[in-house]
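The primary structure of each chain is shown beneath.
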Amino acid sequence: MSQLQRIAITSSQLQSGEIFLTKEQQHYLGNVLRLHEGDKFIAMDGFGSGWLAQLTAEQAEILEPLQFKTELPASVTLMVALPKGNAFDDIVRVCTEVGVSCIAPAVSARTLLNPSPQKLERWRRIAIEAAEQSERAFVPTILEPTSVVSFISGDLSSSTHHKFICDARGDYPHLLSCLPKEKIINDQQQMSLIIATGPEGGWTGKELESAVNLGFEPVSLGKRILRAVTAPIFALSVVGAFLES
Ligand code: SAM
């Protein structure tokens with residue numbers, strides 16, 4: 001099963017045991033991956049379900065449902081202050097591979113980038129491709145860019161179990177030592193975490209104070225100053241290793 005190619009589909013493409021492929025998917029499967037009628041591949045809906053499928057003359061037929069076991073055992077959201085240039089593309093790609101559940105691009109007081117609407121579409125496309133490549137069952141949600149204050153005071157933030165804000169300059173405990181010892185809440189409910197990382201110029205004192213007032217615990221990522229693009233990847237790797245060990 002591991003050798004089979006994967007594509008992400010929407011649930012509306014599934015009907016009576018068949019997958020109605022889009023023109024783009026037909027081109028990708030036939031011309032890019034060079035699959036022929038009768039060849040098998042994996043279709044995933046990005047929300048935890050997947051199927052073994054077989055190409056037919058026109059479309060694809062579902063052979064059997066599949067169980068994926070590739071997700072982290074907790075929901076991890078990264079709030080990342082947008083870095084300069086195209087660095088956010090790398091953050092989305094790598095953090096999807098490592099297992100992030102949701103990424104919130106944030107515009108902070110010192111953010112230098114003003115993202116265009118096309119950027120969001122691009123990041124979502126990158127997340128789909130990275131989820132296919134890394135054999136994830138879920139495609140992470142990439143939220144619309146928002147201000148730091150809106151995100152940290154919003155619904156997602158207020159309903160999350162554990163929240164951390166990474167600050168490069170304070171005398172704070174390491175993220176690893178602050179992670180909750182109980183990794184599982186119960187069979188029905190997953191533990192949820194938010195990790196916030198700042199822009200090239202760091203957080204303002206006001207942003208840090210607001211986050212702390214809203215329940216974010218300030219943490220360190222070690223003794224070195226990581227770049228704005230490295231910090232979220234490193235933080236998620238720490239959380240991923242903790243959760244899976
Ligand atoms: N000049 C900035 C400062 O003094 O805060 C450095 C910012 S750093 C390039 C970008 C972001 O990465 C920081 O805002 C923080 O969220 C995170 N970061 C980098 N290194 C870190 C560390 N050692 N501990 C905690 N957070 C770190």
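Residues numbered from 1 in each chain as written. Predicted model: local features only at pLDDT ≥ 70, side-chain atom pairs only at ≥ 80, totals over all residues. Heavy atoms only, no water.

### A look at the sheet that holds strand E3 (residues 18-19)
Sheet strands pair via backbone hydrogen bonds, and the direction of the pair is either parallel or antiparallel. Threshold: Two strands pair under a simple rule: DSSP has to find at least two bridges between them. Strands here mean DSSP runs of E at least two residues long; helices mean DSSP runs of H or I at least four residues long; both are numbered from the N terminus. Contacts are residue-level and defined by heavy atoms, with any inter-residue pair within 4.5 Å sufficient. Here, axes are lines fitted to C-alpha atoms. For helices the fit covers the stretch in contact, and angles between N-to-C directions go from 0 to 180 degrees.
Read across the open sheet, the 6 strands follow the order E1-E4-E5-E6-E3-E2; overall the sheet is mixed. Edge positions in the open sheet fall to strand E1 (6-8) and strand E2 (14-15), since each of these has one partner strand only. Bridge count between strand E5 (residues 50-55) and strand E6 (residues 60-66): 6 bridges; the pairing is antiparallel. Each residue of the ladder has a partner; that of Gly 50, found in E6, is Leu 66. The sheet contacts of helix H1 (residues 23-32) involve E1, strand E4 (40-44) and E5, and relative to E1 the element is tilted by about 170°. Running over the sheet, helix H3 (residues 117-133) touches E1 and E4 and is turned about 145° from E1.

### So, the packing of helix H2 (residues 87-98) against H3
Our working rule: When describing relative orientation, an angle under 35 degrees is termed roughly parallel and one over 145 degrees roughly antiparallel, while 65 to 115 degrees is termed roughly perpendicular and anything else oblique. By definition, any crossing whose near helix is turned counterclockwise from its far helix by less than a right angle is left-handed, and any crossing with a clockwise turn is right-handed. Residues are grouped as follows: nonpolar covers Ala, Val, Leu, Ile, Met, Phe, Trp, Tyr, Cys and Pro; charged covers Asp, Glu, Lys and Arg; every other residue, Gly included, is treated as polar.
Put simply, H2 and H3 touch, their axes get as near as 8 Å, and they point 30° apart. Judged by the inter-axis angle, H2 sits roughly parallel to H3. In this structure, H2 meets H3 at a crossing whose hand is right-handed. Taking contact as the criterion, the partners of Phe 88, Asp 89, Val 92, Arg 93, Thr 96 and Glu 97 in H2 are, on H3, Arg 122, Trp 123, Ile 126, Ala 127, Ala 130, Ala 131 and Gln 133. Within the contact of H2 with H3, the residues separate by chemical class into 7 nonpolar, 2 polar and 4 charged.

### Some words on the domain arrangement of the protein
Applicable threshold: Note: domain ranges come from an automatic or database domain assignment. For any pair of parts, buried area is found by adding up, for both, the accessible area (1.4 Å probe) each one loses once the two are put together. The salt bridge criterion pairs a side-chain nitrogen of Lys or Arg with a carboxyl oxygen of Asp or Glu, the two atoms within 4 Å.
Here the protein is partitioned into domain 1 (6-66) and domain 2 (75-244). Once you take the C-alpha centre of each, domain 1 and domain 2 turn out to be 32 Å apart. Facing the 7 residues of domain 1 at the interface are 8 residues of domain 2. Here domain 1 meets domain 2 over a buried area of about 660 Å², counting both sides, of which 56% is carbon and sulfur. Of all residues in domain 1, Arg 6, Met 44 and Gly 46 give up the largest surface area on contact with domain 2, accounting jointly for 61% of the area buried on that side. At the boundary of domain 1 with domain 2, the tally comes to 1 salt bridge.

### Some points on the pairing of strand E8 (residues 102-107)
Put simply, the rule is: Each residue is placed in one exposure class: buried if its accessible area under a 1.4 Å probe, protein chains only, is under 20% of its type's maximum, exposed if it is over 50%, and partly exposed if it falls in between. A clockwise path from the first strand over the helix to the second, with the strands pointing away from the viewer, defines a right-handed crossover.
Within E8, 5 of the 6 residues are buried, leaving the element largely enclosed by the surrounding structure. In terms of strand pairing, strand E7 (residues 74-81) meets E8 through 5 bridges, oriented parallel. Along E8, the bridge assignment pairs Thr 77 with Cys 102. What joins E7 to E8 is H2, and the crossover it makes is right-handed. Sheet analysis places E8 next to strand E9 (residues 141-142), joined by 2 bridges and oriented parallel. Directly across from Cys 102, in E9, lies its bridge partner Thr 141. Bridge analysis of E8 against strand E10 (residues 146-147) gives 2 bridges, and the strand direction is parallel.

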